[in-house]
Amino acid sequence: MAKSSIKLRAKVKEDVVEVKALIKHPMESGNRKDKKTGEKIPAHFITEVVCEHGGKTRLSASLSGGVSKNPYISFKFKGGASGEPIKMSWKDNKGESDSVESNIK
Amino acid sequence: MQTNIKRRTFLKGSAASGIMGAAITAGLATPQALLAEWNEAAFKEKDLNAAIKAMIGSESSEESDKIHIKAPDIAENGGVVPVSITSDIEGTTDILILAPNNPVPMVAAFTLGEGAQAFARTNIKMGKTGDVVAVIKAGDKAYTAKKAVKVTIGGCGG
């Protein structure tokens, strides 16, 4: 399996699946200046993250450049079981995207 | 917490998987159709209330003690401020995280899917000391809570 920009972990605990994801991304807000040139560093950040499981969207998130570099996202849902696949995808303001599939532990 | 992923090792591991990996898998990804529309207006709005309105359509929000914000009192690094929001409000569908003192107040908006619990956690940037504002949408109502976070520069403490 090709290495993904997303590290996805999902674990069941008392019928609740806890999802934790870490995405490798610069998350440039567009407000920062390059210290050497004084020019603005163009905005480059993830705008949307979606997590799917069992044919359902469990979470969709809209992000801004105000989310830290290499964003960490965590949430919980009911209705998942150990061994089932779970998928997370992201898309950024430049149209780049990535997705990863993992199994619930 | 036992279930907590060790963030340091986690980061180290992901540093190894480079942009190339992302580029390769990007070709295989077909999530575009499923992704919600990014609300550009809400993420450009400089005014807190206008940003909330643009995101969830609510003119006003009611303060609620059923919203729990977990964030540090003092953040030594404004670049990474861990924020988690839990809502005890029945019918919570959306969780918004805002930082009014940031150039763009709307930081993140989570729309809960089927079975999702009213909880979201992420790390946000805070340019300076200020509030972290959480807004919860439940039905056609909006509720809000805030927590002050002091941002220190250079980690000298407060």
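It should be noted that the structure appears before, not after, this text.
Trainee: Even after reading the chapter, I still don't get the overall build of chain B, so can you show me in this structure?
Mentor: On a plain count of helices and strands, chain B comes out with four helices and nine strands. Reading chain B from its N end, one meets helices and strands in the order α-α-α-α-β-β-β-β-β-β-β-β-β. Taken over 158 residues, chain B has a buried fraction of 34%.

Trainee: In this structure, what is going on with unusual backbone geometry? I would like to understand it.
Mentor: Negative phi is the rule for most residues except glycine; trans is the rule for most peptide bonds. Residues and elements named next belong to chain A. Although it is not a glycine, Glu-14 sits at a positive phi angle of roughly 50 degrees. Following the sequence through the fold, Glu-14 ends up in the loop between strand S1 (6-13) and strand S2 (16-23). Glu-14 sits in the exposed class, given 5 other C-beta atoms within 10 Å. At Asn-70, a residue that is not glycine, the phi angle is positive and equals roughly 50 degrees. Along the chain, the position of Asn-70 falls in the loop between strand S4 (56-63) and strand S5 (72-78). A count of 20 C-beta atoms within 10 Å places Asn-70 in the buried class.

Trainee: Sorry, what's going on with the pairing of strand S6 (residues 85-92) of chain A here?
Mentor: Regular strands place their side chains on alternate faces of the sheet. All names here are of chain A. For S6, the tally of buried residues reaches six of eight residues, placing the bulk of the element in the interior. Bridge count for S6 against strand S7 (residues 97-103) is seven bridges, and the pairing is antiparallel. Residue Ser-89 lies in a different strand from S7, and its bridge partner there is Ser-99. Adjacent in sequence and paired antiparallel, S6 and S7 are bridged by four residues, among which Gly-95 carries a positive phi angle near 85 degrees.

Trainee: Help me understand helix H4 (residues 48-56) of chain B, please; the structure alone is not making it clear to me.
Mentor: Residues and elements named next belong to chain B. Listed in full, the buried residues belonging to H4 are Ala-51, Ile-52, Met-55 and Ile-56. The arc enclosing the buried residues of H4, seen along the axis, measures out at 105 degrees, which places them on a common side. Looking at the buried residues of H4, the elements they touch are helix H3 (40-44), strand S5 (92-98), strand S6 (106-112), strand S8 (130-138) and strand S9 (141-151). Just beyond H4, the residue with positive phi is Gly-57, at close to 80 degrees.

Trainee: Is there a simple way to explain the sheet that holds strand S7 (residues 116-124) of chain B in this structure?
Mentor: Sheet strands pair via backbone hydrogen bonds, and the direction of the pair is either parallel or antiparallel. Strand order in the open sheet formed by six strands is S1(A)-S2(A)-S5(A)-S7(B)-S4(B)-S2(B), and the pairing between neighbours is antiparallel. Among the strands making up the open sheet, the edge pair consists of S1 of chain A together with strand S2 (67-70) of chain B. Here the strands of the sheet are splayed against their neighbours by 15 degrees on average, with no regard to which way each runs. Bridge count for S2 of chain A against S5 of chain A is seven bridges, and the pairing is antiparallel. Bridge pairing in S5 of chain A links Val-17 of chain A to Phe-77 of chain A.

What counts and what doesn't
- Residues numbered from 1 in each chain as written.
- Chains lettered and ligands numbered in written order.
- Predicted model: local features only at pLDDT ≥ 70, side-chain atom pairs only at ≥ 80, totals over all residues.
- Helix = DSSP H or I, 4+ residues; strand = E, 2+ residues; numbered from the N terminus.
- Buried ≥ 20, exposed ≤ 12 C-beta atoms within 10 Å, placed from the backbone.
- Pairing = 2+ DSSP bridges.
- Arc of directions from axis to C-beta.
- Contact = placed C-beta atoms within 7 Å.
- Axes fitted to C-alpha atoms, helices over the stretch in contact; angles between N-to-C directions.

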